[in-house]
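# Chain and residue survey
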Number of protein chains: 2
Amino acid sequence: MFTIDAYTPARVIFGAGRLKELGSVSLPGKKALICVTQDGLMEKLGIQKRVTDLLKENGTEYVVFDRVQPNPTQSGVMAAAALAEKENCDFVIGLGGGSSVDTAKATAIMMKNPGVLWDYAQTGTGKNQSVSCAVPIVTISTTCGTGTETDPYCVITNEETKEKLDFAMDQIFPALSFIDPELMCSLPHKLTLYQGFDALFHLAECYITNEHQNHLVDLYAEDGIKMVAHNLPLVAKDGNNLEARTCMCYAADILAGYTQALCSTTSHHIIAQTIGGQFPAVVHGESLLMIAESYYKKVKQFRPALLDELGEFCGVLRDGSDPGQGFVTALKQLMDITGVRELYSMSAEGITEADFQIIADVTVDNTGIDFEKYEITKADIIQILKESYR
Amino acid sequence: MFTIDAYTPARVIFGAGRLKELGSVSLPGKKALICVTQDGLMEKLGIQKRVTDLLKENGTEYVVFDRVQPNPTQSGVMAAAALAEKENCDFVIGLGGGSSVDTAKATAIMMKNPGVLWDYAQTGTGKNQSVSCAVPIVTISTTCGTGTETDPYCVITNEETKEKLDFAMDQIFPALSFIDPELMCSLPHKLTLYQGFDALFHLAECYITNEHQNHLVDLYAEDGIKMVAHNLPLVAKDGNNLEARTCMCYAADILAGYTQALCSTTSHHIIAQTIGGQFPAVVHGESLLMIAESYYKKVKQFRPALLDELGEFCGVLRDGSDPGQGFVTALKQLMDITGVRELYSMSAEGITEADFQIIADVTVDNTGIDFEKYEITKADIIQILKESYR
């Protein structure tokens, strides 16, 4: 008998060309703090000007915080919150990829609560204080993969403790998310693939942890995985394929966001986040891909039926002879056809075998998560890293 | 290229036995106005005492408004709002079926806005004034069909003008909905069928009006219709089949609510609501069923592909020889297997052929809706009523 806990309150305006509605839609405040990355990419692409012009059209004031880093940091968030306070902003806009949106989400917390962000971190060295409320959050995505547009999470790194932690709270569901696939056509090939696989893993991991309990999670994950399996090779081949981009955005930013709002990812994400915390230059999708094949070979041993179902969503048929091989095969095929393996390696990122023990230790001991439920041990993590190393 | 407007903010606690969580969940107020029907059914079934005991356990005060009528009225809503004001209630609980929940929703409006309810009606003789806000709404359903648990609508009748109108506004999305299929096992056979078909029509009608635009609507409608086609015959045969009840609740109260939140029903619902407005003893599902077969024979002429897809969701295969017959056949089969036709007739409800003109006139002229978009004329409505008459 299934149960459902449903709560997906983000309002979404999704579709090619729909960013223009920012000029007329009802916004949740009078003055926005716009968070963008420090590389100036939004400005170079002309997207930042488009957004600020649309805000003017809407009669809404704004100030830009343009110091967001990849793997965004607590100190970045605190600087953004200080600017927002100085400028009397009453809502935030995350413009760009996951880093900008997650900075905006964390800043929304710090615009309404005292102290520093880590006072509210719920795991690791966080003080787990309760958040009273946050200012409203608007997201305008130019990348497609995290699901942060529709989920209650942000991921922030503490530079001092080298922790990269999830913040999970209802207060940081976006009030309004613009998902305009036209903006994604500018996404570089590498990031297109990293984020596409990130979305795939969100969907697959939630499908696995859900274990058929919440029927909505199964519904979203199945549709999303089918979309990714069909469309990721198409956007890998041609980043301007707007129809395939639209399908990828739907899978990544709506369906995968919903599954994460309703369910949780597996240890795959926790291990990958530890890698990102220890090696900040490794982007999120890359760290997931580094260990993915070995990781799912391990999961195959204890969730074979679920992995075969995931494989079927990707079009891999099964004859029952090798239970659980379905998703392992599907993943290999998707990695082959998109050529993603050529884009990264642990060695190129400066990771050595000497780092495996610390990655395993931090993952299991320092994330503050009860790791036993994942059925993956420190020894398993080290084995996965060894198998993945090249 | 599809677009999506997503906004489904109701928090849902769904599953057999989960009403007990009312005792511990965070509620959106300190004192509830509980709306129940005047027939005392909730008290007789012991559900009202269970709910008030759980509220006490939660430390929440309450007062009961026990004068909700079938086809709930403006005067009922105004009486409920007066009681809420006198008793200083700060949120509402709709306990029971659509009548109680819709009364609670309309009362939530009137607890925050001056005048009478029809000042805020958006169609018909309503004054279409804007609603500033409403108090938070909690629903506890004992029936399964309207989708009001997760949608932004309520349907209220004005006794003076004989209008039965939809109120549609974001302010009346429930904050929290308990959907516990165990409570549905007490639902009488007749209402089980009427409401099951109501859910089917919500899903089918939204699928038709969506015309494959919003992919989420297609996703919800397809899953919901498959659930209804499989499970409605099972609950018709055995009302205590908890697994089938669970599936019906999921289809009716979550998926059909979501489709209605994201899309609109067709003229089928408008004609049926006019019948309910003119003949208040005719319950909602009954009025839909009265005209359903003739109605879809008409729709078959201009939306054949969509009707064949709907038929396929119900398991009716097609060979292309009679386009659009799919859903017409599926509907006939579902009505045959559940025996629902034996439960009602227009003549038994006192409707005569002399009433057809007024039903057509009120539907097209007095609902304030731009009826032309429905591709159904007054003459069509009269023909549908004639064909349906027995």
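Residues numbered from 1 in each chain as written. Chains lettered and ligands numbered in written order. Predicted model: local features only at pLDDT ≥ 70, side-chain atom pairs only at ≥ 80, totals over all residues. Heavy atoms only, no water.

We now examine the pattern of salt bridges. Summed over the entire model, instances satisfying the criterion amount to 38 salt bridges over all chains. We note a salt bridge from Arg341 of chain B to Asp336 of chain B, for which the minimum N-O separation is 2.7 Å. For Arg341 of chain B, a relative accessible area of 22% puts it in the partly exposed group. Given the relative accessible area of 40%, Asp336 of chain B is considered partly exposed. Salt bridges sharing common partners tie together Glu293, Lys332, Asp336 and Arg341 of chain A. (Salt bridge = Lys/Arg side-chain N within 4 Å of Asp/Glu carboxyl O. Buried < 20%, exposed > 50% of the residue type's maximum accessible area, 1.4 Å probe, protein only.)

Before going further, it helps to spend a moment on helix H3 (residues 74–86) of chain B. Residue and element names in this part refer to chain B. With 13 residues, H3 should cover 18 Å at 1.5 Å per step; its first-to-last C-alpha distance of 18 Å lies within 8% of that length. Buried residues along H3 sit against strand S2 (31–37), strand S3 (61–68), helix H4 (98–110) and strand S6 (153–158). Positive backbone phi, at 55°, marks Asn88, one or two positions downstream of H3. (Helix = DSSP H or I, 4+ residues; strand = E, 2+ residues; numbered from the N terminus. Expected span 1.5 Å × (residues − 1). Contact = heavy atoms within 4.5 Å.)

Our focus in this paragraph is the domain arrangement of chain A. Residues and elements named next belong to chain A. Partitioning chain A into structural domains gives domain 1 (18–179) and domain 2 (189–388). Averaged C-alpha coordinates put domain 1 and domain 2 at centres separated by 25 Å. Counting residues at the interface gives 20 residues for domain 1, matched by 28 residues for domain 2. Note on domain 1 versus domain 2: buried area summed over both sides is about 1,900 Å², and carbon and sulfur give 51% of it. Where domain 1 touches domain 2, the interface holds zero salt bridges. Of all the secondary structure elements, the ones that give two or more residues to the side of domain 1 that touches domain 2 are strand S6 (153–158) and strand S7 (163–168). Counting residues per element, the side of domain 1 that touches domain 2 draws most heavily on S7, at three residues. In terms of residue class, the side of domain 1 that touches domain 2 is built from six nonpolar, eight polar and six charged. (Domains from an automatic or database assignment. Buried area = accessible area lost by both parts, 1.4 Å probe. Nonpolar A, V, L, I, M, F, W, Y, C, P; charged D, E, K, R; others polar.)

As a further point, take the state of the cysteines. Inspection of every chain in the model, using the stated rule, returns zero disulfides over all chains. Cys35 of chain A takes part in no disulfide bond, and the closest cysteine sulfur to it belongs to Cys89 of chain A, at a distance of 9.2 Å. (Disulfide = S-S within 2.5 Å.)

Attention now moves to the interface of chain B and chain A. Listed as interface residues are 31 residues of chain B and, on the opposing side, 31 residues of chain A. Both faces combined, the contact of chain B with chain A buries some 2,700 Å², and carbon together with sulfur accounts for 62% of it. Of all elements in the fold, only strand S1 (4–14), helix H6 (215–237) and helix H7 (242–262) of chain B reach the threshold of two or more residues within the side of chain B that touches chain A. With 11 residues, the top contributor of residues to the side of chain B that touches chain A is S1 of chain B. In terms of strand pairing, strand S1 (residues 4–14) of chain A meets S1 of chain B through seven bridges, oriented antiparallel. Residue pairing across strands places Val12 of chain A opposite Ala6 of chain B, the latter belonging to S1 of chain B. (Pairing = 2+ DSSP bridges.)

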